[in-house]
Amino acid sequence: MARALSFRLIITGLVVALITTVAGLAPAGAAPDGSGRYSNPLMQDVAQAFSDVGLIRAKDGAWYAYATNTIMTHENQQNGGPGHLIPMVRSTDLVHWEFLGDAFNEANHPQWAGWPNKGYWAPDVRYVDGQYFMYYSAPGSTALDAAIGLATAPTPAGPWTDIGHPVVNFVADSEVMEIDPMMFIDDDGTKYLYYGSFRRGGLHVVKLAADGKSTVGESRQVVAGERGEAAWVTKRDSFYYLFYSGYGCCMGDVGGGGYPVLAGRSKSPVGPFLDENGVSLTAAQPGGTIVNSFNGNTLSATGHNAVTVDRSGQQWNLVNSDFRFELPWGGRPQSMDRLDWIDGWPTVRAGRWTSDQPQPAPAAAWSAGSSFNDSTELSDWRSVGADWAVGQDPSSGGYVHPKIITTQPSLLVSRSRGPADYRVEGDLRTASERSGKAGLVFGYRSPRDYAVAWLDPDQESLRVEQRVGGRVIEIAEAPLHQGFRYDTWHSASVEVRDGQATIQVAPAQGDNPLAELTVQLARPLTGAAQLGVASVGGARGDNLGMARLYRPVTEKLPDPEIGRPLADYSDEFRRGPLDPAWRWTGAVDQGRLEDGRLVWDTQALDLSEEKGPAATVLLRDAPEGDFTVETRLSLPFSGSTGNARAGLIAWASRTESLQLAPTRTGAVRQAFLWPGADDSPWPEAIQLGPSADTMWLRLRHTRQPDTGEHLFQAATSLDGRHWQWGSFWHLPADAGPLQFGLVSMGGTGTTARFDYVRTFRS
């Protein structure tokens with residue numbers, strides 16, 4: 001989602017589009033630099049402001065990224081320069097990027113959206129049957145009015161042509177905000193569009209027509225209201241995973257908020273999506289497994305994600321970010337980190353989340369392979385059967401094809417071999433829609449011993465053949481959907497680990513697989529081998545490469561150890577009166593002890609002082625050093641008003657405080673780590689794991705080693721045994737003396753019951 005400023009910004013300068021032809025682009029496959037490392041944020045020499053990224057690995061073998069309208073650089077902002085309407089950048093390694101120009105200008109902008117406009121947001125770019133589709137958000141006449149448009153182009157750098165009408169039109173209500181589109185093609189060929197933001201209707205999905213240019217039927221809610229935005233969907237194994245981002249995208253006095261990335265999964269692309277606790281993302285107390293959140297370093301507001309894959313098969317997660325110590329100036333840079341899948345769930349850096357220190361760079365080079373863009377020579381390749389040559393395609397640049405059409409397989413194979421565990425990838429298409437077949441060759445040892453993954457229109461399938469001794473010894477097939485265009489580029493990949501091969505075909509590398517197979521390779525085809533492309537009937541191949549297969553991370557960062565109990569800082573609330581170590585901040589004591597609990601009606605007041613005196617808080621001195629505070633809370637959701645909430649608080653003063661509390665937000669209830677004294681969690685409070693009428697809360701204190709700040713990490717639990725650790729937030733190094741305690745405030749109509757407060761030496 002764009003910053004609030006972007007809703008009001010009127011673009012007054014003319015942005016001249018720079019359309020770069022594919023033929024002139026640099027070859028793909030270069031390593032990032034000699035060190036093989038990179039640091040966040042990305043693109044600092046090109047764009048210090050590049051948010052809400054759309055990302056694709058295109059048919060020239062390079063990555064392209066697209067952003068919400070932006071000022072792009074500090075220099076441009078300081079000089080009063082023009083805004084950029086969906087700027088486009090390109091990279092061959094995901095680390096170094098070049099600016100290509102803007103997707104829209106006065107000559108080609110969407111006529112139905114008007115010009116000059118407030119800009120265009122959150123582009124999502126897909127390769128669809130020979131064309132690039134860019135879905136985008138367009139604002140309307142008010143700050144909360146938007147629609148979703150579509151432009152197409154023959155290359156990832158344009159020129160872009162709008163289709164002339166919205167795909168999802170402006171809707172005159174406050175249910176769903178029509179922004180942040182993401183298009184998804186399922187393996188049956190059905191196209192879906194996910195969209196939505198922070199309104200009571202939440203995020204929705206709607207089926208698209210076959211051409212992707214209009215909707216079919218009614219949309220369906222997939223994420224609860226006032227919960228998130230920026231959907232990203234991928235299919236892995238048998239599950240559809242829906243990523244979305246929570247509060248804190250781009251507001252606040254310094255450094256934004258948390259903007260966590262959360263996820264749920266489903267057996268259907270239209271849901272219901274459940275988190276790792278089995279809680280629905282559309283529940284009244286919605287679920288969401290934390291994928292990425294603020295970890296206490298220099299980068300905050302790390303959300304609105306997009307996912308891609310490097311040449312080794314490792315996935316990477318790109319997000320917006322803010323420098324935590326920088327005043328907002330109109331831009332948010334991109335950051336990137338490894339995306340791991342552990343026990344069936346995605347997590348960034350095994351739960352360490354966004355990095356701000358040097359990290360191993362994505363695998364950018366193949367050990368063998370070529371994008372065929374920089375030379376017509378095939379000296380690193382060997383023809384088997386017919387001779388092969390390099391041709392030119394306007395959408396992909398160079399590609400290879402056999403010089404003559406044959407009815408028997410012709411192969412072009414690399415002269416060098418790769419490692420025993422490897423990833424082979426390539427783009428394939430047939431010469432015509434219904435004849436011939438195109439294949440990705442792997443496990444090649446000789447013309448008589450190899451495996452090939454065919455895109456086969458006669459069989460209407462992804463068909464994997466293993467040949468040993470000149471005979472086909474095994475065939476495996478997975479159907480490809482009706483209407484699959486064999487004569488347009490599709491991306492195939494093979495990942496071989498310990499002799500087992502997983503084969504996928506997708507519209508683009510890293511996109512959702514349209515078919516997938518797993519086979520055990522025959523022993524003669526295992527180990528180090530060559531790669532190649534195969535043709536029957538004049539097929540084409542491009543971006544053929546092999547790299548050492550990534551090593552998956554299988555263990556998540558362990559949960560923090562809470563340590564030994566500190567009896568002097570704990571209270572079981574077993575008998576009255578209240579322990580004298582506690583003190584009430586207000587003139588009147590609030591809670592009461594009943595049946596071994598502290599019972600406390602929620603106050604209408606809060607800490608903001610906008611409605612009168614600040615609410616009363618129950619506090620006691622905090623221990624020195626690192627510690628963890630825990631409570632068990634019962635807070636019925638039904639009947640509450642406003643932002644009624646209760647929970648733990650860390651306190652240096654009214655404004656230098658942090659609340660860990662479930663609260664009502666419209667029709668739903670959510671658990672937040674809540675910085676400062678704001679009366680509402682919007683926009684800076686950071687969502688945590690799911691809430692419940694009875695739940696457990698933990699707040700852990702440590703020190704930031706570089707700045708000396710007080711860091712607090714929040715955790716929630718639905719059973720007191722399994723904890724979901726969420727975001728950090730901070731209080732100044734010189735804040736203090738620190739206290740901790742309990743709150744019950746922000747609205748009326750419900751009563752908090754605290755079973756205990758227990759403190760531990762971390």
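Cut-offs and rules
Residues numbered from 1 in each chain as written. Predicted model: local features only at pLDDT ≥ 70, side-chain atom pairs only at ≥ 80, totals over all residues. Heavy atoms only, no water. Helix = DSSP H or I, 4+ residues; strand = E, 2+ residues; numbered from the N terminus. Rg over C-alpha atoms; globule rule 2.2 N^0.38 Å. Buried < 20%, exposed > 50% of the residue type's maximum accessible area, 1.4 Å probe, protein only. Contact = heavy atoms within 4.5 Å. Areas by Shrake-Rupley, 256 points an atom, 1.4 Å probe, with all protein chains shown as cover. Lys, Arg positive; Asp, Glu negative; His and termini not counted. Charge placed at Lys NZ, Arg CZ, Asp CG, Glu CD. Pairing = 2+ DSSP bridges. Axes fitted to C-alpha atoms, helices over the stretch in contact; angles between N-to-C directions. Core = buried A, V, L, I, M, F, W, Y, C linked by side-chain atoms within 4.5 Å. Phe/Tyr/Trp six-rings, centres within 6.5 Å; stacked < 30°, edge-to-face > 60°. Lys NZ or Arg CZ within 6 Å of the ring centre and 35° of its normal. Polar contact = N/O pair within 3.5 Å; in protein donor to acceptor, adjacent residues only side chain to side chain. Salt bridge = Lys/Arg side-chain N within 4 Å of Asp/Glu carboxyl O. pLDDT = per-residue confidence, 0-100.

A.B. asks: Sorry, what's going on with the overall build of the protein chain here?
C.D. replies: When helices and strands are tallied, the protein chain shows two helices and 54 strands. Its C-alpha atoms give the protein chain a radius of gyration of 28 Å, within 12% of the compact-globule value 27 Å for 762 residues. Residues classed as buried in the protein chain amount to 64% of the 762 residues present. In the protein chain, the share of contacts with a sequence separation of at least 24, taken over all contacts with a separation of at least 6, comes to 64%. Summed over all atoms, the accessible surface of the protein chain reaches about 26700 Å², with 48% contributed by carbon and sulfur. Put simply, the protein chain has 65 plus and 85 minus side-chain charges, and the middle of one group is 5 Å from the middle of the other.

A.B. asks: Mind showing me how you'd approach the sheet that holds strand β7 (residues 131-139) here?
C.D. replies: Backbone hydrogen bonds are what pair the strands of a sheet, in a parallel or an antiparallel way. Taken together, four strands build an open sheet; the order of strands is β6-β7-β8-β9 and the sheet is antiparallel. Each edge of the open sheet carries a strand with a single partner, namely β6 (121-128) and β9 (161-162). The pairing of β6 with β7 spans six bridges and is classified as antiparallel. Each bridged residue has a counterpart across the sheet, and for Tyr 127 the counterpart in β7 is Tyr 132.

A.B. asks: Looking at this structure, I do not really get the sheet that holds strand β16 (residues 261-266). What am I missing?
C.D. replies: Read from one edge to the other, the open sheet built from four strands follows the order β14-β15-β16-β17, with strand pairing classed as antiparallel. Looking at which strands have only one partner, the edges of the open sheet turn out to be β14 (229-236) and β17 (289-292). When strand polarity is set aside, the average angle formed by the axes of neighbouring strands in this sheet is 30°. Two elements, β16 and β17, share three bridges in a ladder whose sense is antiparallel. When the sheet's bridge partners are listed, Ala 263 is paired in β17 with Thr 289.

A.B. asks: I tried to follow the nonpolar core on my own but got confused; where do I start?
C.D. replies: In globular proteins that are soluble, nonpolar side chains generally tend to be buried together. Ranked by size, the top nonpolar core spans 57 residues in total, and within it Leu 193, Val 400, Phe 442 and Ile 503 carry the most contacts. Apart from residues lying up to four places away in sequence, Val 400 is in contact with Phe 372, Leu 378, Trp 388, Ala 389, Val 390, Leu 412, Val 533, Ala 539, Arg 540, Gly 541 and Leu 544. Membership of the second largest hydrophobic core comes to 51 residues, among which are Leu 42, Tyr 192, Val 223 and Val 291.

A.B. asks: Please clarify how the packing of aromatic side chains should be interpreted in this entry.
C.D. replies: Aromatic ring pairs are reported here in terms of the distance separating the ring centres and the angle at which the planes meet. Under the counting rule described, the total for this entry stands at 28 aromatic pairs. Ring pairing ties together the aromatic residues Phe 104, Trp 112, Tyr 120, Tyr 136 and Phe 170, which thus form one cluster. When the ring centre of Phe 239 is taken as origin, the NZ or CZ atom of Arg 265, which lies over that ring, is 3.9 Å away. Positioned above the aromatic ring of Trp 674 is the side chain of Arg 645, whose terminal nitrogen or guanidinium carbon lies 3.8 Å from the ring centre.

A.B. asks: Whenever I open this one, unusual backbone geometry confuses me. Can you help?
C.D. replies: Peptide bonds are trans in most cases, and residues, glycine excluded, mostly fall at negative phi. The peptide bond linking Gly 158 to Pro 159 adopts the cis configuration, its omega dihedral lying at 0°. Turning to its location among the elements, Pro 159 is positioned in the loop between β8 (146-153) and β9. Along the chain, Gly 271 connects to Pro 272 via a cis peptide bond; the corresponding omega equals 5°. Of note, Pro 272 is situated in the loop between β16 and β17. Even without being a glycine, Met 43 presents a positive backbone phi close to 65°. Its location among the elements puts Met 43 in the loop between β1 (37-38) and β2 (54-57). Not every positive phi belongs to a glycine, and Asp 498 is a case in point at roughly 55°. As for its position among the elements, Asp 498 is in the loop between β35 (490-497) and β36 (500-506).

A.B. asks: Where do I start with the pairing of strand β43 (residues 597-601) in this structure?
C.D. replies: Moving residue by residue along a regular strand, the side chains alternate between the two faces of the sheet. Judged from the three bridges that link them, strand β42 (residues 592-594) and β43 form a sheet pairing that is antiparallel. When the sheet's bridge partners are listed, Glu 594 is paired in β43 with Arg 597. Hairpin remark: β42 followed by β43, antiparallel, with two residues in the connecting loop; positive phi at Asp 595, about 50°. The pairing of β43 with strand β54 (residues 751-761) spans four bridges and is classified as antiparallel. Along β54, the bridge assignment pairs Val 599 with Arg 753.

A.B. asks: Would you mind showing me how to read the pairing of β35 here?
C.D. replies: Of all eight residues making up β35, six are buried, and the element is well covered by its neighbours. Note that strand β30 (residues 422-429) and β35 share seven bridges and pair antiparallel. Paired with Asp 427 across the bridge in β35 is Ser 491. Pairing geometry for β35 and β36, over seven bridges, is antiparallel. Bridge assignment links Ser 491 to a residue of β36, and that residue is Ala 506.

A.B. asks: Looking at this model, I keep getting lost on the side chain of Asp 487. Mind explaining?
C.D. replies: Along the chain, the position of Asp 487 falls in the loop between β34 (471-479) and β35. Engagement of the side chain of Asp 487 in a polar contact is seen with the side chain of Arg 485, the distance being 2.8 Å. Apart from residues lying up to four places away in sequence, Asp 487 is in contact with Arg 429, Thr 430, Ser 432 and Glu 433.

A.B. asks: I would appreciate a short explanation of the side chain of Asn 512 in the present structure.
C.D. replies: Along the polypeptide, Asn 512 turns up in the loop between β36 and β37 (515-520). A polar side-chain atom of Asn 512 sits 2.8 Å from the main-chain carbonyl oxygen of Ile 185. Apart from the residues lying within four places of it in its own chain, the contact partners of Asn 512 are Phe 184, Ile 185, Asp 186, Asp 187, Thr 234, Lys 235, Val 505, Ala 506 and Pro 507.

A.B. asks: What am I meant to see in the pattern of salt bridges here?
C.D. replies: Two side chains of opposite charge can pair, provided their charged atoms sit close to one another. One pass over the full model with this rule turns up 27 salt bridges. For Asp 52, the salt bridge is made with Arg 332, and the minimal N-O distance between the two is 3.8 Å. Of the two residues, Asp 52 sits in the loop between β1 and β2 while Arg 332 sits in the loop between β21 (322-323) and β22 (334-342), which places them 280 residues apart along the sequence. The exposure class of Asp 52 is buried, given its relative accessible area of 0%.

A.B. asks: Which parts of the structure should I look at to understand the environment of Thr 707?
C.D. replies: Its place among the elements puts Thr 707 in the loop between β50 (694-703) and β51 (710-717). The class for Thr 707 is partly exposed, based on a relative accessible area of 33%. Distance from Thr 707 to Gly 271, taken between C-alpha atoms, is 44 Å for residues 436 residues apart in sequence. Here Glu 709 takes part through its side chain, which lies 2.8 Å from a polar atom of the side chain of Thr 707.

A.B. asks: Looking at this structure, I do not really get the environment of Ala 547. What am I missing?
C.D. replies: If you trace the backbone, Ala 547 turns up in strand β39 (residues 540-548). Residue classification places Ala 547 among the buried residues on the basis of a relative accessible area of 4%. Separated by 178 residues in the primary sequence, Ala 547 and Gly 369 place their C-alpha atoms 8.8 Å from one another. In this structure Ala 547 touches Arg 311, Ser 312, Ala 365, Trp 366, Ser 367, Pro 419, Asp 421, Tyr 422 and Arg 423, once residues within four positions along its chain are discounted.

A.B. asks: Looking at this model, I keep getting lost on the environment of Thr 73. Mind explaining?
C.D. replies: Secondary-structure assignment places Thr 73 in the loop between β3 (63-66) and α2 (74-78). You can call Thr 73 buried: its relative accessible area is 19%. For the pair Thr 73 and Arg 332, spaced 259 residues apart in the sequence, the C-alpha separation amounts to 10.0 Å. Once you skip the residues sitting within four places of it in the chain, Thr 73 turns out to touch Val 46, Ala 47, Gln 48 and Trp 329.

A.B. asks: Please explain the confidence of the model for the protein chain as it appears in this structure.
C.D. replies: If pLDDT is low for a region, its predicted coordinates should not be looked at in detail. Per-residue confidence for the protein chain gives a mean pLDDT of 91; residues scoring 70 or more make up 94%. Segment residues 1-34: pLDDT under 50, and 103 contacts once partners within four positions in sequence are set aside and those in other chains are kept.

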